[in-house]
Amino acid sequence: MKIYIYLSVILLGLYSIPAAGQGSMIQLNFAPALPVGKTADFTKNFTGRGANFEFYKMNENQTGYGVEFGTMNFFEKVPDQLFESGSASLHGTQYRYLKVTPIMGSFIYVFNATKPFKPFVAFGAGAAINTQTVSMGIFVDKVSPRQFIIRPELGAIYQISDYVGIKLSSKYYQTFENSEMRAQSILGFNLGFVMLNFGK
């Protein structure tokens, strides 16, 4: 609950920042993703069950500060595994689930802001709420830690009308290991609908 309160405070703060030629940008993204690195050791399957929302307060239509909130859900069925819990152990098929929910502040820099084709770079940092579950018959092991996360992004927006555009980008999400969970690495792909309200 505290995370959502923090997010609301950030949004209100962004609205209160004065800026010349200010505008706004809202992105609604379909976000398939691929686990890489150590995350792929737990579940290596590509997922199409991802989405995120981004809001930016723009300055001179070129730089912006905002927030990202999203989710990515992974699943893999892994046969011939050993599950141990205390003194009990079970051999069989494991069902592995991983849900990553990033909530972060973000900065964006847009090239060619006055033209229809707008390449951009962005960087985000914040908190990730992760839920990792291993299910095997009556045995279930579940952890839900929070980790610090960073996210660089490279992509482009094509503006198809005064207030509407489409977006294609790639993102790399990296969390940092803590006592509850090892670091997570995810390569994300965004196909989005963009609402532009750039200041003149």
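Residues numbered from 1 in each chain as written. Predicted model: local features only at pLDDT ≥ 70, side-chain atom pairs only at ≥ 80, totals over all residues. Heavy atoms only, no water.

**Section: the overall build of the chain**
Logical step 1: When its secondary structure is counted, the chain shows 2 helices and 10 strands.
Logical step 2: Mapped from its N terminus to its C terminus, the chain presents α and β elements in the order α-β-β-α-β-β-β-β-β-β-β-β.
Logical step 3: Residues counted as buried form 43% of the 200 residues belonging to the chain.
Logical step 4: Taking contacts inside the chain between residues at least 6 apart in sequence as the whole, the part at least 24 apart equals 65%.
Logical step 5: Within the structure as shown, the chain displays about 10400 Å² of accessible surface, and the carbon and sulfur contribution to it stands at 63%. (Helix = DSSP H or I, 4+ residues; strand = E, 2+ residues; numbered from the N terminus. Buried < 20%, exposed > 50% of the residue type's maximum accessible area, 1.4 Å probe, protein only. Contact = heavy atoms within 4.5 Å. Areas by Shrake-Rupley, 256 points an atom, 1.4 Å probe, with all protein chains shown as cover.)

**Topic: the packing of aromatic side chains**
Logical step 1: What the rule picks out here adds up to 6 aromatic pairs.
Logical step 2: When the ring of Phe-75 is compared with that of Tyr-95, the centres are 6.3 Å apart and the planes differ by 20 degrees; the resulting orientation is stacked. Separated by 20 residues along the polypeptide, Phe-75 in strand β4 (residues 63–85) and Tyr-95 in strand β5 (residues 88–110) bring together distant segments of the chain.
Logical step 3: On the accessibility criterion, Phe-75 (31% relative accessible area) is partly exposed.
Logical step 4: Note on Phe-148 and Phe-176: the rings are 5.7 Å apart at their centroids and 35 degrees apart in plane angle, and the pair reads as tilted. Highlighted residues: Phe-148 in strand β8 (residues 146–159) and Phe-176 in the loop between β9 (164–175) and β10 (185–197), separated in sequence by 28 residues.
Logical step 5: Overall, Phe-176 belongs to the partly exposed group, its relative accessible area being 41%.
Logical step 6: By way of ring pairs, the aromatic residues Phe-75, Tyr-95 and Tyr-97 are connected into one cluster. (Phe/Tyr/Trp six-rings, centres within 6.5 Å; stacked < 30°, edge-to-face > 60°.)

**Quick word on the side chain of Thr-175**
Logical step 1: With respect to the helices, strands and loops of the structure, Thr-175 is situated in strand β9.
Logical step 2: Taking relative accessible area as the criterion, Thr-175 reaches 3% and is therefore assigned buried.
Logical step 3: Among the polar contacts made by the side chain of Thr-175, one reaches the side chain of Gln-147 at a distance of 2.9 Å.
Logical step 4: Among residues more than four places away in sequence, those in contact with Thr-175 are Ala-128, Asn-130, Gln-147, Phe-148, Ile-149, Arg-182, Ala-183 and Gln-184. (Polar contact = N/O pair within 3.5 Å; in protein donor to acceptor, adjacent residues only side chain to side chain.)

**Thoughts on the pairing of strand β1 (residues 23–30)**
Logical step 1: Bridging between β1 and strand β3 (residues 50–59) involves 8 bridges; their strand directions are antiparallel. Bridge pairing links Ile-26 to Phe-55 in β3.
Logical step 2: Pairing geometry for β1 and β10, over 7 bridges, is antiparallel. Looking across to β10, one finds that Asn-29 is bridged to Gly-192. (Pairing = 2+ DSSP bridges.)

**With respect to the confidence of the model for the chain**
Logical step 1: Per-chain confidence: the chain averages 88 in pLDDT, with 86% of residues scoring 70 or above.
Logical step 2: Mean pLDDT across the secondary structure elements of the chain bottoms out at helix α1 (residues 2–16), with 51, and peaks at strand β2 (residues 33–36), with 98. (pLDDT = per-residue confidence, 0-100.)

**So, the pattern of salt bridges**
Side chains that carry opposite charge are capable of pairing whenever their charged atoms lie near each other.
Logical step 1: Tallied over the entire structure, the rule returns 7 salt bridges.
Logical step 2: One salt bridge connects Lys-171 with Glu-68, and the closest N-O pair in it is separated by 3.3 Å. Placement of the pair is Lys-171 in strand β9 and Glu-68 in strand β4, with a sequence separation of 103 residues. Just as Lys-171 is buried, Glu-68 falls in that class too.
Logical step 3: Of the charged contacts, one joins Arg-151 and Glu-153 as a salt bridge, the two residues approaching to 3.5 Å between their closest N and O atoms.
Logical step 4: On the accessibility criterion, Arg-151 (0% relative accessible area) is buried.
Logical step 5: Here the salt bridges share partners, and the residues they tie into one network are Glu-54, Glu-68, Arg-151, Glu-153, Lys-167 and Lys-171. (Salt bridge = Lys/Arg side-chain N within 4 Å of Asp/Glu carboxyl O.)

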